[in-house]
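# Report on the structure
Residues per chain are reported as follows:
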Amino acid sequence: MTKERATAASVAGDDRVRLFCALQLGDDTLKCLTDWQAAALSAGRIVPRENLHITLAFLGHRAAAECEPIAQELRAAAARAGEIDLSVRGYRETRSVGMVTLDDGGRAATRLADDVQARLEALGVYRREARQWLPHVTVARSRGRGQERAGLRPEPPNTCSINVVRAALYRSFLGSGGARYEVLATAVLGGR
């Protein structure tokens, strides 16, 4: 079995894995976003349905042995989370991605991201970014390194309800066809 094909249970403790914590979206939200992508985005590489999420913290490459402590901290933070109320704000592009930005009514998602990041920082597996956390769903990526952004200005998917169902720890595999994600652990949100 190659390292890339290894399941979470078979990853050796000294292997390095690429990790991030995120909020998973409900089926209704995923359908709405993918329908919107097909209609509104004509450039770049569309992020597939199974990869749509809201990142709470990107950890980069970590020792596989750290997965369980990270998952425990994610579960603890998620259990304390209030009810998350997100709605579509707009569409925005950076040099490498197109994203649907979100408003965080009540700021429960922001408090959860802060809690997760503080816990992971205390665990010694994460360093906070200087910029403030922005709730968003990445919906497109540029096709290659150094390529200019698409310059799209689509109407945002304002008819989409942003339904968050749980938090999750993901392992990310990079490849020529784009990233592939594997859920290693999930966490129930306390506001549910």
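Here goes a summary of the coordinates provided. Worth saying up front: this structure is predicted, and the values here are computed from it rather than measured.

How each quantity is defined
Per chain, residues are indexed from 1 in the order of the written sequence. For a predicted model such as this one, the threshold for reporting local features is a pLDDT of at least 70, and the threshold for listing and counting side-chain atom pairs is 80 or more; totals across whole chains, interfaces and linings nevertheless cover every residue. Hydrogens are left out, water is left out, and the side-chain values use all remaining heavy atoms of the structure. Secondary structure elements follow DSSP: runs of H or I of four or more residues count as helices, runs of E of two or more count as strands, with numbering from the N terminus. Under the scheme applied here, a residue whose accessible area is under 20% of the maximum for its type counts as buried, over 50% as exposed, and between as partly exposed, the area being computed with a 1.4 Å probe on protein chains only. Should any heavy atoms of two residues lie within 4.5 Å, those residues are considered in contact. Here the open area of atoms and residues is found with the Shrake-Rupley method and a 1.4 Å probe, where only the protein chains shown may cover a residue. In this analysis, the expected span of each helix is defined as 1.5 Å times one less than the number of residues it contains. Picture the helix axis, draw a direction to every C-beta atom, and the arc is the one those directions span.

The helix and strand inventory of the chain stands at 3 helices and 9 strands. In the chain, which comprises 192 residues, the share counted as buried stands at 47%. Within the chain, contacts between residues at least 6 apart in sequence are counted, and of these 78% link residues at least 24 apart. As displayed, the chain offers around 10300 Å² of accessible surface, 46% of which is attributable to carbon and sulfur atoms.

Right, let's get into helix α1 (residues 27-40). If you check α1, its first and last C-alpha atoms are 20 Å apart, about what 14 residues at 1.5 Å a residue would give, namely 20 Å. If you check which residues of α1 are buried, you get T29, L30, L33, W36 and Q37. Seen end-on, α1 carries its buried residues on one side only, within an arc spanning 135°. Turned more than 90 degrees off the buried face of α1, the exposed positions are D27, A38 and A39.

Between its terminal C-alpha atoms helix α3 (residues 108-123) stretches 22 Å, which fits the 22 Å expected from 16 residues at 1.5 Å a residue. Residues A108, A109, T110, L112, A113, D115, V116, Q117, R119 and L120 constitute the buried set of α3. Where α3 is buried, its residues meet β1 (16-25), β3 (54-63), α2 (67-80), β4 (85-93) and β5 (97-105). G124, located one to two residues past α3, shows a positive phi value of around 85°.

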